[in-house]
Amino acid sequence: MTSPVALDPELETDAEPVKGEQKLEGRSPGQLMWQRFKRDRTGVICAVVVILYFVISLLAPLLVKLSGTDPYTLYGQDPTYADKPILDQFGLPLGYFGGVSGDHWFGVEPQYGRDLFAMLVYGMRTSLFMALGVTVLLMVTGVIIGLIGGYFGGRTDYWIGRVTDFFLSFPQQLFFIAFMPVVTAFFVDPREATPTYFRALAMLVVLWLLGWMGMARLVRSTVLSLREREFVEAAKVSGASPWRIVRKEILPNVVTPILVQFTFQLPSTILTIAFLSFAGVGFVEPTPDWGRLFAAAAKYTEQDPAFLFFPGAALVIFVLAFNLLGDSVRDAFDPKSGR
C-alpha cells in the first residue's frame, strides 16, 4: 500500500523554494564570528592598522630604498655627504622638528646623523617579527602543556602545576636582564662581539622559558571545565582515543581563549623586547630596534625631543590598535562578554 505522505506534494521534503524566497542556510561558529567582527568598526580599523604595520615591516628594504637612505650610514659624519650638512656644530639636526626634510622624512639622529625613518621601519621589522616568533612559541607551548594537564589530571596535572608555579615564581623583568648575559656567555667569548642572530636566539629562549605559564594556566582551566561535558563523555563511550578526544572535541572549544590571549600577548612581547634593548641586554648597535631607539632618545631628549616623537607615536598606535583588536575579537566570539 502506498504511503499517503508520498502522495501529498505539499509534504515532499525536497520541494523547491518559492521563487523570490531566500533559502535559509546554517552558519558555522566561524562564519557567525566573522559577521559580528565585520560589524565592529573599531575592530576592523584596528585590524587594518595592525596589518599595515606588518606590511610596512615586510617592505622595509623597499621603503628605505625609495627614501634614498639606510639605517646604518652616518650622514652627519660621512665626508661623502659633506655638501649637504644636516648637523650643526653641536651635533644637533639642522632644520625643523629634528631635521625633517625631503631627504630625511622623519629627521635624523643627533651626533651621528642617521636617518630616523630608515631606523624606524627596520626597527619595526626587527621587533614585530621577533615578537611574532616568540608569541607563537609561547602559545604552542602553553596550549600543549595546558591540554595535557587539564585533560589527564591526577599526578600529571599536579606535577605540571608545580613546574608552572616554579617558573611563575621568577620576577620576569629582573630575570630577563639577568639571564640574557648568562645565556650568551655560555656560547660566546665575552671578549668577542655577540652576533645579532645569536642575540635574537638568546632572547627567544629566555622569553620562551619565562613566558608560557599564563597560556598554560588559561588552557588548563578551560579544559578542566570541558572534560566533564556530555560530548566528551560520549566520545569516551564510543571508544575514541585520548588523542582524538583532545584534537576533535576539546581543542576546537579552546580556540577562542587562545586567539584572544594571542592578541594581548603579542603587544606585550613587543614591549618586553623593547625593554630588553632599552636596558642594554637585547639588540645593540648597529641593529635597528624599537627599544634601542628609545634608549637613544633618552640621551637626546633634552637637546632634540623630536627624536622620540615618531618611534613613540608608532609604538603607542600599534599597541593600542592591537589591544582594541583583542577586545573586538573577544566580543565577536562571545557577544555576551560586551554586555
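What you see is a predicted model; the values in this text were computed from it and never measured. (Residues numbered from 1 in each chain as written. Predicted model: local features only at pLDDT ≥ 70, side-chain atom pairs only at ≥ 80, totals over all residues. Heavy atoms only, no water.)

Our focus in this paragraph is the pattern of salt bridges. Per the stated rule, a full pass over the model turns up nine salt bridges. With a closest N to O distance of 2.8 Å, Arg-292 and Glu-285 form a salt bridge. Given the relative accessible area of 45%, Glu-285 is considered partly exposed. Taken together, the salt bridges that share partners define one network made up of Glu-109, Arg-114, Glu-285 and Arg-292. (Salt bridge = Lys/Arg side-chain N within 4 Å of Asp/Glu carboxyl O. Buried < 20%, exposed > 50% of the residue type's maximum accessible area, 1.4 Å probe, protein only.)

Applying the stated criterion to the full structure yields 16 aromatic pairs. A ring pair is formed by Tyr-151 and Phe-152, whose centres lie 5.2 Å apart and whose planes are at 85 degrees; its orientation type is edge-to-face. Owing to a relative accessible area of 49%, Phe-152 belongs among the partly exposed residues under this scheme. Linked through ring pairs, Tyr-53, Phe-54, Phe-129, Trp-290, Phe-318 and Phe-322 together constitute an aromatic cluster. Over the ring of Tyr-112 we find Arg-114, and its NZ or CZ is 5.3 Å from the ring centre. (Phe/Tyr/Trp six-rings, centres within 6.5 Å; stacked < 30°, edge-to-face > 60°. Lys NZ or Arg CZ within 6 Å of the ring centre and 35° of its normal.)

Between its terminal C-alpha atoms helix H9 (residues 213-226) stretches 20 Å, which fits the 20 Å expected from 14 residues at 1.5 Å a residue. All of the buried residues in H9 are Met-213, Met-215, Ala-216, Val-219, Thr-222, Val-223 and Leu-226. (Helix = DSSP H or I, 4+ residues; strand = E, 2+ residues; numbered from the N terminus. Expected span 1.5 Å × (residues − 1).)

Attention now goes to helix H3 (residues 41-58). A rise of 1.5 Å per residue sets the reference length of H3, with its 18 residues, at 26 Å; its end C-alpha atoms lie 26 Å apart and thus fit the reference within 8%. All of the buried residues along H3 are Gly-43, Cys-46, Ala-47, Val-50, Tyr-53, Phe-54 and Ser-57. Down the axis, H3 shows its buried residues gathered within 120 degrees of arc, on one side only. Facing away from the buried side of H3 by more than 90 degrees, the exposed set consists of Arg-41, Ile-45, Val-48 and Ile-51. Of the residues that open H3, the one with a side-chain oxygen 3.2 Å from the backbone nitrogen of Thr-42 is Asp-40. (Arc of directions from axis to C-beta. Polar contact = N/O pair within 3.5 Å; in protein donor to acceptor, adjacent residues only side chain to side chain.)

For the rest of this paragraph, the subject is the environment of Thr-287. Turning to its location among the elements, Thr-287 is positioned in the loop between helix H12 (255-278) and helix H13 (290-300). When its relative accessible area of 12% is taken as the criterion, Thr-287 is described as buried. In this structure the C-alpha to C-alpha distance between Thr-287 and Thr-196, which are 91 residues apart in sequence, comes to 7.4 Å. Other than its neighbours up to four places away in sequence, Thr-287 contacts Thr-196 and Arg-292. Within the structure, the side chain of Thr-287 is placed 3.2 Å from the side chain of Thr-196, a separation counted as a polar contact. (Contact = heavy atoms within 4.5 Å.)

With that settled, consider the nonpolar core. Ranked by internal contacts, the top residues of the largest apolar core, which has 52 residues, are Trp-290 and Phe-318. If one sorts the elements of this core by residue count, helix H14 (residues 309-333) sits on top with ten residues. Apart from residues lying up to four places away in sequence, Trp-290 is in contact with Tyr-53, Leu-120, Gly-123, Met-124, Ser-127, Leu-128, Ile-270, Pro-311, Ala-314, Leu-315 and Phe-318. In terms of nonpolar packing, the next biggest core, distinct from the first, is built from 15 residues, Leu-147, Val-223, Val-246 and Ile-258 among them. (Core = buried A, V, L, I, M, F, W, Y, C linked by side-chain atoms within 4.5 Å.)

Further remarks concern the environment of Phe-198. When you line up the elements, Phe-198 lands in helix H8 (residues 196-209). With eleven residues separating them along the chain, Phe-198 and Phe-187 place their C-alpha atoms 9.1 Å apart. Those residues in contact with Phe-198 that lie beyond four places of it in its chain are Val-183, Thr-184, Phe-187 and Val-188.

So, about the side chain of Ser-328. Locating Ser-328 in the fold gives a position in helix H14. Residues within four places of Ser-328 in sequence aside, it is in contact with Phe-37, Asp-40, Thr-42 and Gly-43.

Further remarks concern the packing of H3 against H14. Two elements in contact, H3 and H14, have axes separated by 8 Å at closest approach and are oriented at 135 degrees. Between H3 and H14, the angle is such that the two are oblique. Crossing angle aside, the handedness with which H3 passes H14 is left-handed. Contacts between H3 and H14 pair Thr-42, Gly-43, Cys-46, Ala-47, Val-49, Val-50, Tyr-53 and Phe-54 from the former with Ala-313, Ala-314, Ile-317, Phe-318, Ala-321, Phe-322, Leu-324, Leu-325 and Ser-328 from the latter. Looking at the contact of H3 with H14, its residues break down into 14 nonpolar, three polar and no charged. (Axes fitted to C-alpha atoms, helices over the stretch in contact; angles between N-to-C directions. Parallel < 35°, antiparallel > 145°, perpendicular 65-115°, else oblique. Left-handed = near helix turned anticlockwise from the far one by under 90°. Nonpolar A, V, L, I, M, F, W, Y, C, P; charged D, E, K, R; others polar.)

Next up on the list: a nonpolar patch on the surface. Among the surface-exposed residues, Ile-51, Val-55, Leu-58, Leu-59, Leu-62, Leu-66, Trp-105 and Phe-129 lie close enough to one another that they form a single nonpolar patch of about 760 Å² accessible area. When residues of the nonpolar patch are traced back to their parent elements, those giving at least two are H3 and helix H4 (60-67). The element that contributes the greatest number of residues to the nonpolar patch is H3, accounting for three residues. Counting through the fold element by element, Ile-51 comes out in helix H3. (Patch = residues over 30% accessible without salt bridge, like charges linked within 9 Å, V, L, I, M, F, W, Y side chains within 5 Å. Areas by Shrake-Rupley, 256 points an atom, 1.4 Å probe, with all protein chains shown as cover.)

Moving on to the packing of helix H10 (residues 230-237) against helix H11 (residues 242-250). Packing of H10 against H11 brings their axes to within 10 Å, and their N-to-C directions diverge by 145 degrees. With respect to the hand of their crossing, H10 and H11 are arranged in right-handed fashion. On H11, the residues that touch Phe-231, Val-232, Ala-235 and Lys-236 of H10 are Ile-245, Glu-249 and Ile-250.

Leave glycine aside and you will find that most residues have negative phi; peptide bonds, for their part, are mostly trans. Residues Glu-285 and Pro-286 are joined by a peptide bond in cis, for which omega reads 0 degrees. Mapping Pro-286 onto the fold places it in the loop between H12 and H13. Even without a glycine there, the phi angle at Phe-97 is positive, about 50 degrees. You can see Phe-97 is positioned in the loop between H4 and helix H5 (116-152). For Phe-97, a relative accessible area of 43% corresponds to the partly exposed category. Even without glycine at this site, Gln-111 takes up a positive phi of about 75 degrees. Position of Gln-111 relative to the elements: it lies in the loop between H4 and H5. Here Gln-111 falls in the partly exposed class, since its relative accessible area comes to 32%.

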